[in-house]
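Each chain, letter by letter, is given below.
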Amino acid sequence: FDADAFSKKLGYGEQLASGLIKLQIENKSVMNPDPLYSAYHFSHPPLVERLNAINDPNVAPKSD
């Protein structure tokens, strides 16, 4: 989420979301996997969670 928030901070939120969707479709991955399976097997959060965080105006990147 930190890298996504940083991209959003730089003004690339829409482009990031579009790219993530294209990658998900190209890889033919499950859009919203089981949370337990995802937590154990995946290195990144599921697409739906990432898109929600990117589109949520209340989610701000951590300041350094």
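Quick look at the structure, then. (Residues numbered from 1 in each chain as written. Predicted model: local features only at pLDDT ≥ 70, side-chain atom pairs only at ≥ 80, totals over all residues. Heavy atoms only, no water.)

**Quick look at the environment of S7**
Next, step 1: Structurally, S7 is set in helix α1 (residues 2–9).
Next, step 2: Spatially, the C-alpha atom of S7 lies 14 Å from that of D56, the residues being 49 residues apart in sequence.
Next, step 3: Once residues within four sequence positions are removed from consideration, S7 is found in contact with Y12, G13 and L16. (Helix = DSSP H or I, 4+ residues; strand = E, 2+ residues; numbered from the N terminus. Contact = heavy atoms within 4.5 Å.)

**Some remarks on a nonpolar patch on the surface**
Next, step 1: The grouping of I21, I25, M31 and V48 at the surface amounts to a nonpolar patch, some 320 Å² of accessible area in total.
Next, step 2: Here I21 lies in helix α2 (residues 13–27). (Patch = residues over 30% accessible without salt bridge, like charges linked within 9 Å, V, L, I, M, F, W, Y side chains within 5 Å. Areas by Shrake-Rupley, 256 points an atom, 1.4 Å probe, with all protein chains shown as cover. Salt bridge = Lys/Arg side-chain N within 4 Å of Asp/Glu carboxyl O.)

**Examining the nonpolar core**
Taken as a class, soluble globular proteins show a tendency for nonpolar side chains to be buried jointly.
Next, step 1: Listed in full, the five residues of the largest apolar core are A17, L20, L47, L51 and I54.
Next, step 2: Secondary structure elements with two or more residues in this core: α2 and α4 (47–55).
Next, step 3: When residues in this core are grouped by element, the largest group, three residues, is from α4.
Next, step 4: If sequence neighbours within four positions are ignored, L51 has contacts with A17 and I21. (Core = buried A, V, L, I, M, F, W, Y, C linked by side-chain atoms within 4.5 Å. Buried < 20%, exposed > 50% of the residue type's maximum accessible area, 1.4 Å probe, protein only.)

**A word on the layout of surface pockets**
Next, step 1: Counted as a void, the largest pocket has a volume near 280 Å³.
Next, step 2: In this structure, the largest pocket is lined by 15 residues; those nearest its centre are Q24, S29, H44, P45 and L47.
Next, step 3: Those elements that place two or more of their residues in the lining of the largest pocket are α2 and α4.
Next, step 4: Per-element tally for the lining of the largest pocket: the top contributor is α2, with four residues.
Next, step 5: Here the lining of the largest pocket is composed, by residue class, of nine nonpolar, five polar and one charged. (1 Å grid on protein atoms, 1.4 Å probe; cavity = no way out; pocket = protein on both sides within 12 Å on 5 of 7 lines; lining within 4 Å. Points joined across faces, edges and corners; volume = space filled by probe spheres on them. Nonpolar A, V, L, I, M, F, W, Y, C, P; charged D, E, K, R; others polar.)

**Details of the pattern of salt bridges**
Next, step 1: If you walk through the whole model with that rule in mind, you get one salt bridge.
Next, step 2: Notably, a salt bridge pairs D4 with R50, separated by 2.7 Å at the nearest N-O pair. Remark: R50 occurs in helix α4 and D4 occurs in helix α1; sequence separation between them is 46 residues. An identical accessibility class is assigned to D4 and R50; each is buried.

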